[in-house]
Amino acid sequence: MMRARPLNKKFWTPGVFVMLVFMIAGAISIIARFTGGIGYVTNLSNARPWGLWVGVDVATGVALAAGGFTTAALAHILGKHLYEPITRPALLTAVLGYTFVVLGLLVDIGRSWAIWKPMVNWNTNSVLFEVAMCVMVYLNVLYIEFFPIIAEQFKGRVNLPGLLSALNGLVDMILKIGDAILDKIMWIFIILGVVLSCMHQSSLGSLMLVAPTKLHPLWYTPILPLLFLTSAFAVGYPMVVVETTIATSSFKLDAEMNILTPLTRVTIFLLGIYLLLKIGDMVVRGTYVYLFDGNYQTNSFVIELLFGVIMPWVMLLFERVRHSRTGIFTAASLIVGGVALNRINVFIVGYQPPLSENVYFPAPGELMVTLGLIATLMFIYRFAVTYLPVLQAPKEVST
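Residues numbered from 1 in each chain as written. Predicted model: local features only at pLDDT ≥ 70, side-chain atom pairs only at ≥ 80, totals over all residues. Heavy atoms only, no water.

A. Structural view of the pattern of salt bridges. One pass over the full model with this rule turns up five salt bridges. A salt bridge links Asp-179 to Lys-155; the nearest nitrogen and oxygen atoms lie 2.8 Å apart. Pair noted here: Asp-179 is in helix H7 (residues 168-206) and Lys-155 is in the loop between helix H6 (127-154) and H7, with a separation of 24 residues, a long-range link. On the basis of relative accessibility, which here comes to 32%, the residue Lys-155 falls in the partly exposed class. Taking the shortest distance from any N to any O, the salt bridge between Arg-285 and Asp-281 comes out at 2.9 Å. Separated by four residues within a single helix, Arg-285 and Asp-281 lie in helix H9 (residues 257-285), roughly one turn from each other. On the basis of relative accessible area, Arg-285 is assigned to the partly exposed category, the value being 29%. For Asp-281, a relative accessible area of 10% corresponds to the buried category. (Salt bridge = Lys/Arg side-chain N within 4 Å of Asp/Glu carboxyl O. Helix = DSSP H or I, 4+ residues; strand = E, 2+ residues; numbered from the N terminus. Buried < 20%, exposed > 50% of the residue type's maximum accessible area, 1.4 Å probe, protein only.)

Here you go:
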């Protein structure tokens with residue numbers, strides 16, 4: 001039986017160099033943002049204080065990192081050990097996703113040096129305070145959950161270069177002690193991670209409840225926090241399918257269809273709940289009348305609902321699709337794209353403040369920062385699976 005191992009494949013490929021190009025472009029834009037000010041590289045204004053960085057880097061990033069807590073809940077809390085092989089790559093995706101959510105916030109916040117202040121200046125009436133604290137704590141929980149993977153690879157084999165070699169014994173002792181302790185109490189952090197994720201996934205939707213005159217009626221609803229939570233549950237496993245399929249195809253590994261096929265059956269149920277809530281809310285509130293307006297906002301809502309929810313849900317009802325690698329990847333990609341579009345719709349497309357006369361479109365600097373962060377995330381993911389035991393692989397992997 002295969003186990004998680006470092007892939008030890010060639011790291012510097014043409015694709016990695018393409019990532020480097022985007023990373024450099026993103027770094028240049030970030031330098032421009034901090035030297036010239038946030039208005040120097042963005043199309044934001046007092047009327048539109050957030051845009052691409054909040055809609056994509058933060059809101060979408062948090063949603064698509066949901067695979068970490070959903071797979072942990074399935075494999076460790078519900079005891080479905082069949083899914084153990086996908087928990088590590090899902091955890092890595094969550095670690096990187098939330099890390100870059102924080103980095104995106106640092107770029108987006110006007111006074112980045114004050115990002116630590118919620119830790120000491122508590123505003124318990126603020127939804128944003130709850131989101132900030134949950135994300136901060138959950139990110140640390142993710143690092144703790146990832147620690148055993150690092151310990152497994154380097155415990156007893158610490159070999160730091162040069163003057164750092166004097167720390168070999170200390171680092172090895174930390175790895176051994178930390179691994180031994182976490183082995184006994186890891187269940188606490190797994191449960192804590194699931195609880196924290198549920199809290200801030202829903203609270204991101206609560207942020208927009210204070211803007212009834214600024215958010216389009218198709219998205220503004222009292223159950224927006226519930227829709228955000230159920231959509232996060234629905235996209236968790238499809239994100240794992242997309243990530244696993246791309247990784248196994250790229251590295252020429254086993255497709256793991258014996259795990260992904262049953263995982264899609266769970267997705268039918270979770271996505272069905274989200275679809276029922278979304279259509280039911282639209283019918284109860286009577287907002288379906290806006291579907292015939294024909295403007296860019298209603299068109300975007302139709303695309304989100306039709307191609308991001310209804311179509312993949314119907315596709316997954318067919319057993320032939322669930323047993324096809326191409327079929328489940330296509331359906332999962334549509335779900336991931338649909339949830340990503342939902343967050344973009346809520347925070348950007350559907351958000352139209354009365355004082356803003358112009359339609360917002362991100363500036364080139366905003367696009368470069370976002371693409372640079374995504375490229376960096378992919379770069380580190382490839383580095384991690386190459387040198388750490390994350391993916392299931394044969395004992396001998398050709399380079």
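B. Main features of helix H1 (residues 14-36). A rise of 1.5 Å per residue sets the reference length of H1, with its 23 residues, at 33 Å; its end C-alpha atoms lie 33 Å apart and thus fit the reference within 8%. Among all positions in H1, only Val-16, Met-19, Met-23, Gly-26, Ser-29, Ala-32 and Arg-33 are buried. Elements in contact with the buried residues of H1: helix H2 (38-41), helix H3 (52-64), helix H5 (87-108) and helix H13 (364-387). Following H1 by one or two positions, Gly-37 adopts a phi angle in the positive range, close to 100 degrees. (Expected span 1.5 Å × (residues − 1). Contact = heavy atoms within 4.5 Å.)

C. Region of interest: the confidence of the model for the chain. Residues with a pLDDT of 70 or more make up 97% of the chain, whose mean pLDDT is 88. Mean pLDDT values over the elements of the chain span from 74, in strand E2 (residues 392-393), up to 95, in helix H10 (residues 296-316). (pLDDT = per-residue confidence, 0-100.)

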